[in-house]
Amino acid sequence: MKPIALIVTTTNWVPTARLVVALVNAGFHVDVLCPTSHPVNQTSAARRAYIYQGLMPLRSLARAVVAAKPDVIVPGDDLAVRHLHELYCRPELYSGNAAELRDLIERSLGSPESFSITQDRAAFMKVASEEGIRVPETCAIKNWQDVENWIERFGFPTVLKADGTSGGEGVRVVRSSAEARSALRKLQAPPLMARALKRAIVDQDTTLIWPTLFRRRPAISAQAFVAGHEATSTVVCWKGAVLASLHFEVLHKSKAAGHATVVRWIDSSEMSTAVEKVVRRMGLSGLCGFDFMLEAQTRNAYLIEINPRATQVGHLTLGAGHDLPAALYGAVTGNDVRVNPPVTNNNTIALFPHEWARDPKSEFLRTGYHDVPWETPELVHACIRRSRKQSSWYGQKDLNRETAMVTQAGKAPVERSAAAR
């Protein structure tokens, strides 16, 4: 009998749909708790989909767990992680056995002692530092006086971050006191009602309603600036041990503080060691991501953040030890991992639809591996519609033309040797 994975996502993030397909290919039955407009609903990959209700998130999560009876839960975004942590502490919302619910969440995410640390940027950096990992100085910030004290010590540029944000949304690199003051005010402010209503009405996303009504303000931290290139790791871990990993250097982003659109697969012993230390110290399980900065002059890897969830590259299958869906299947079932052949031997990967949406003429779409899910054409079409932000008048001819553009953009990709990894 196939194991059941429940994917929990509160956003319409396309990579979550890619992960669903990858987990199905690895041998799982996959159920999904997601918004009604999520692109995974355009595919037949998920066995069942349950509606995520932003106004009653824990109850909708509890109902999905009861219905799916999963062997493992995989959160697809940071808010989904927080919901799982909250449900762990409020099992009375669950109609089944509370002990079984807690065991399931702990099996899926790891030690509950680590839950609060993964949600607190400053606390996480302290743990990493205690493990001897190279990290930039980081400090919790409560007010402008704290920011001024920080600037006196570290100067400019410096980085301000808001807890509970992702995709660069809550990160500001500031280069003056005026920029720092403005960034602090914006990062500490609860979501505007106009923004929350727009998300609810236009995007059918009600996740900002409660933070807006209750005027919830995120915790802020300051982090010393590291000049260099961004890098990212994503792993499958189980009971504090890393089972499979992928390490990438970020070559291009959607915007300065946005998500990666082009990455290069790299072999970094320093990143591997850092991730293994954190996973072991915190007793983590499931899919996790870690962000680094590779210092410009030395290439030293500074760990700057943890993402205790699936990230946008988690679906990639790149061979033995680098196939996360297969590793998760092996951990859940106890079976030997079936090694899938790499999807490419090209180190450079252009992530679809992000790089194509950023620049349809990007050289990386031709010289790198363009990660288009051709085996799921309905998902390709959904991604194109979403990227172009078209409404109902967007017809089949338009869709066919855009699909042809994607095909042409990724035509005859250059397969480079993987020997450098």
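Residues numbered from 1 in each chain as written. Predicted model: local features only at pLDDT ≥ 70, side-chain atom pairs only at ≥ 80, totals over all residues. Heavy atoms only, no water.

**As for the side chain of lysine 253**
So, point 1. For lysine 253, the position within the fold is in strand E10 (residues 241–253).
So, point 2. From its side chain, lysine 253 meets the backbone oxygen of glycine 258 in a polar contact 3.3 Å long.
So, point 3. Ignoring any residue separated from it by four or fewer positions in sequence, one finds lysine 253 in contact with Glu230, Gly258, His259, Ala260, Thr261 and Arg358. (Helix = DSSP H or I, 4+ residues; strand = E, 2+ residues; numbered from the N terminus. Polar contact = N/O pair within 3.5 Å; in protein donor to acceptor, adjacent residues only side chain to side chain. Contact = heavy atoms within 4.5 Å.)

**Examining the sheet that holds E10**
So, point 1. Read from one edge of the open sheet, seven strands run E13-E12-E9-E10-E11-E14-E15, paired in mixed fashion. Of all strands in the sheet, those with a lone pairing partner are strand E13 (301–307) and strand E15 (369–371), marking the two edges. Within the sheet, the average angular offset between the axes of one strand and its neighbour, ignoring direction, is 30 degrees.
So, point 2. Here three bridges tie strand E14 (residues 348–351) to E15, and the two strands are oriented parallel to one another. Residue pairing in the sheet places leucine 351 in a bridge with aspartate 371 of E15.
So, point 3. On the sheet, helix H6 (residues 121–130) packs against strand E12 (286–295) and E13 and is oriented at approximately 135 degrees with respect to E13.
So, point 4. Packing of helix H12 (residues 324–333) onto the sheet brings it into contact with strand E9 (228–238), E10 and E12, and relative to E9 it is tilted by some 25 degrees. (Pairing = 2+ DSSP bridges. Axes fitted to C-alpha atoms, helices over the stretch in contact; angles between N-to-C directions.)

**Digging into helix H1 (residues 14–26)**
So, point 1. Compared with an ideal rise of 1.5 Å per residue, which puts 13 residues at 18 Å, H1 spans 19 Å between its outermost C-alpha atoms and is within 8% of the ideal.
So, point 2. The buried fraction of H1 amounts to eleven of the 13 residues, a majority that puts the element mostly inside the structure.
So, point 3. Positive backbone phi, at 125 degrees, marks glycine 27, one or two positions downstream of H1. (Expected span 1.5 Å × (residues − 1). Buried < 20%, exposed > 50% of the residue type's maximum accessible area, 1.4 Å probe, protein only.)

**Some thoughts on the packing of H6 against helix H11 (residues 269–282)**
So, point 1. Orientation of H6 relative to H11, taken along the N-to-C sense of each, is 110 degrees, at an axis distance of 10 Å. In this view, H6 runs roughly perpendicular relative to H11, as classed from their interaxial angle. Of H11, the residues touching H6 (which contributes Phe124, Val127 and Glu130) are Val278, Arg281 and Met282.
So, point 2. Along the lines of polarity and charge, the residues of the contact of H6 with H11 split into four nonpolar, no polar and two charged. (Parallel < 35°, antiparallel > 145°, perpendicular 65-115°, else oblique. Nonpolar A, V, L, I, M, F, W, Y, C, P; charged D, E, K, R; others polar.)

**Observations regarding the sheet that holds strand E6 (residues 158–162)**
So, point 1. Across the sheet, four strands lie side by side as E5-E8-E6-E7; this open sheet has antiparallel pairing. With partners counted over all chains shown, the strands left at the sheet margins are strand E5 (138–141) and strand E7 (171–174), one partner each. Going from strand to strand, the sheet's axes swing by 25 degrees on average, the running direction of each strand aside.
So, point 2. Relative to E5, H6 is tilted by about 155 degrees, and along the sheet it contacts E5, E6 and strand E8 (220–224).

**Quick word on the pairing of strand E2 (residues 29–34)**
So, point 1. Judged by how many residues are buried, E2 sits mostly within the fold: five of six residues are covered.
So, point 2. Here five bridges tie strand E1 (residues 4–8) to E2, and the two strands are oriented parallel to one another. Paired with alanine 5 across the strands is valine 30, a residue of E2.
So, point 3. Following the chain from E1 across H1 to the adjacent parallel E2, one finds a crossover that is right-handed.
So, point 4. Two elements, E2 and strand E3 (residues 48–51), share four bridges in a ladder whose sense is parallel. For leucine 33, the partnering residue across the bridge sits in E3 and is tyrosine 50. (Right-handed = clockwise from strand over helix to strand, strands pointing away.)

**Focus on the confidence of the model for the protein chain**
So, point 1. Chain-level statistics for the protein chain give a pLDDT mean of 88 and a share of 85% at 70 or above.
So, point 2. With pLDDT under 50 throughout, residues 390–396 is counted as low confidence; its partners more than four residues away or in other chains account for seven contacts. (pLDDT = per-residue confidence, 0-100.)

**Examining the environment of proline 373**
So, point 1. Its location among the elements puts proline 373 in the loop between E15 and helix H15 (377–388).
So, point 2. What makes proline 373 buried here is its relative accessible area of 1%.
So, point 3. In sequence terms proline 373 and phenylalanine 352 are 21 residues apart; their C-alpha atoms lie 8.1 Å from each other.
So, point 4. When neighbours within four sequence positions are excluded, proline 373 is seen to be in contact with Arg18, Phe352, Leu379 and Val380.

**Here we look at H11**
So, point 1. Its 14 residues place the ends of H11 20 Å apart at the C-alpha level, agreeing with the 20 Å of an ideal helix rising 1.5 Å per residue.
So, point 2. Buried residues of H11: Met271, Ser272, Ala274, Val275, Val278, Val279 and Met282, and no others. The buried residues of H11 occupy an angular sector of 165 degrees when the element is viewed end-on, so they sit on one face. What points out from H11, more than 90 degrees from its buried face, is the exposed set Ser269 and Arg280.
So, point 3. Downstream of H11 by a residue or two, glycine 283 has a phi angle that is positive, lying close to 65 degrees. (Arc of directions from axis to C-beta.)

**Some points on the side chain of serine 285**
So, point 1. Along the chain, serine 285 turns up in the loop between H11 and E12.
So, point 2. By relative accessible area, which is 4% here, serine 285 ends up buried.
So, point 3. Polar side-chain contacts of serine 285 include one of 2.8 Å to the backbone nitrogen of lysine 239.
So, point 4. Beyond its immediate stretch of four places on either side in the chain, serine 285 contacts Arg107, Ser108, Leu109, Gly110, Cys237, Trp238 and Lys239.

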